[in-house]
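Examining the three-dimensional arrangement
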Amino acid sequence: MNNEIIQLDNRIVFSLNGKDSIDFLQSIVTIDLENTKQDFFSSCLLTPQGKLFHHFFLFKQKDGFLLDVHHKSSESLKEKIGFYKLMSNINIEDRSDLEVISSTEQIFPDMRLDPRNNNLGWRGIRKKTGQITNNLNLYETKKISLCIVEDGEDIAPSEYFPMELNYDILNTISFNKGCFIGQEVTSRMFRKGIVKKRIFPFRHEEQDIKKGEIHFENKKIGQIIKVTQDNGIALLRTDTFKSIKDHPNKVLVNGEKSTLIFSIPVSYTHLTLPTKR
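Report follows, based on the coordinates. (Residues numbered from 1 in each chain as written. Predicted model: local features only at pLDDT ≥ 70, side-chain atom pairs only at ≥ 80, totals over all residues. Heavy atoms only, no water.)

Side note on the overall build of the protein chain
A count of helices and strands for the protein chain gives five helices and 16 strands. Relative to a compact globule of 277 residues, whose C-alpha radius of gyration would be 19 Å, the protein chain shows 19 Å and is just as compact. Overall size of the protein chain, expressed as C-alpha extent along the three principal axes, is 55 × 45 × 30 Å. Taking all 277 residues of the protein chain together, 50% fall into the buried category. Restricting the contact set of the protein chain to residue pairs at least 6 apart, pairs at least 24 apart contribute 68%. With an accessible surface of roughly 14000 Å², the protein chain has 48% of that area assigned to carbon and sulfur atoms. (Helix = DSSP H or I, 4+ residues; strand = E, 2+ residues; numbered from the N terminus. Rg over C-alpha atoms; globule rule 2.2 N^0.38 Å. Buried < 20%, exposed > 50% of the residue type's maximum accessible area, 1.4 Å probe, protein only. Contact = heavy atoms within 4.5 Å. Areas by Shrake-Rupley, 256 points an atom, 1.4 Å probe, with all protein chains shown as cover.)

Listed below in structure tokens is the structure:
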């Protein structure tokens, strides 16, 4: 059990304020900010083609929002917001005086349950204290077990559809709100009911397994997009999941025989997966 605050020092905070802040964000991001009493959101900005540009968190404030985003994604996200701003009355300001914190076991002041998955614990933004209490390895292990990846850390912008990354399950997309950028493609995938590819967590016992292509029965069926000493996350064709789960030792990774033991997190068990053709 770990009761300490974890400083997520790979995150950047900036504010988006102004009288048009809610209307502006409501028109471009994937989550519904208006028809709810929530004040903390997981959301995305998509490309017009419906692929993930950046994921971020929104903390509602009296005069706007605080955005919590990976430091590698912050500048391009601010640039894109500026591109869509047009005549909207909004202001963007860096908040280097603030830091993002998390706790996997215990709530602390000004924290909220992570909206993606309550099992990930609590998250918040606070004034920088100068105290170092990092335990990012614990946080990353928890994320992998819950099959959560983040852009800036694990994936590149404009590479994956959000439903391939399970954002439809992670309370990050609203299918009942009005228009947002990339909505047409996203809604079409949702209406069809079956997503052809999704990410799944796995365990392994390999010594030097790396990111790369996964083959099964002489066909490419996916790729590893995150891997640690004994766990990882891979994007798989959903129609092959049952076969690869039942035969974990028949997998090739980058041409090498490997054993990948796949699973579905408990919170994802309602997923409808197609059968192999």
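Thoughts on the sheet that holds strand 8 (residues 111-113)
What the four strands build is an open sheet, ordered 1-7-9-8; its pairing is antiparallel. The sheet is open, and its two edges are formed by strand 1 (6-7) and strand 8, each paired on a single side. By the bridge criterion, two bridges tie strand 1 to strand 7 (residues 98-103) in an arrangement that is antiparallel. When the sheet's bridge partners are listed, Gln 7 is paired in strand 7 with Ile 101. (Pairing = 2+ DSSP bridges.)

What to know about the packing of aromatic side chains
A complete count under the given rule lists six aromatic pairs for this structure. Centroid distance Phe 175 to Phe 190: 3.8 Å. Interplanar angle 10°. Geometry classified as stacked. Of this pair, Phe 175 sits in the loop between helix 3 (136-145) and helix 4 (183-192) while Phe 190 sits in helix 4, placing them 15 residues apart in sequence. Exposure remark for Phe 175: the relative accessible area of 23% places this residue in the partly exposed category. Between Lys 80 and the ring centre of Phe 53, over which it is positioned, the NZ or CZ distance is 5.3 Å. Sitting over the face of the ring of Phe 83, Lys 80 holds its NZ or CZ atom 5.5 Å from the ring centroid. (Phe/Tyr/Trp six-rings, centres within 6.5 Å; stacked < 30°, edge-to-face > 60°. Lys NZ or Arg CZ within 6 Å of the ring centre and 35° of its normal.)

Here's the deal with the pairing of strand 7
Of all six residues in strand 7, six are buried, a share of seventy percent or more. Because side chains alternate across strand 7, one face comprises the buried residues Leu 98, Val 100 and Ser 102, and the other comprises Glu 99, Ile 101 and Ser 103, equally buried. Relative to strand 9 (residues 122-127), strand 7 runs antiparallel, the two sharing six bridges. Residue pairing in the sheet places Val 100 in a bridge with Ile 125 of strand 9.

Quick word on the sheet that holds strand 11 (residues 212-216)
Spatial strand order, 15-14-11-12-13-10-16: seven strands in an open sheet with antiparallel pairing. In the strand order of this sheet, the two ends are held by strand 15 (256-258) and strand 16 (260-262), each with one partner. The mean angle between the axes of side-by-side strands here comes to 40°, regardless of whether they run parallel or antiparallel. With three bridges connecting them, strand 11 and strand 14 (residues 251-253) associate as antiparallel partners. Residue pairing for strand 14: Ile 214 is matched across the bridge by Val 253. Sheet contacts for helix 3: strand 10 (197-204), strand 12 (219-227) and strand 13 (231-237); angle to strand 13, the most-contacted strand, approximately 30°. (Axes fitted to C-alpha atoms, helices over the stretch in contact; angles between N-to-C directions.)

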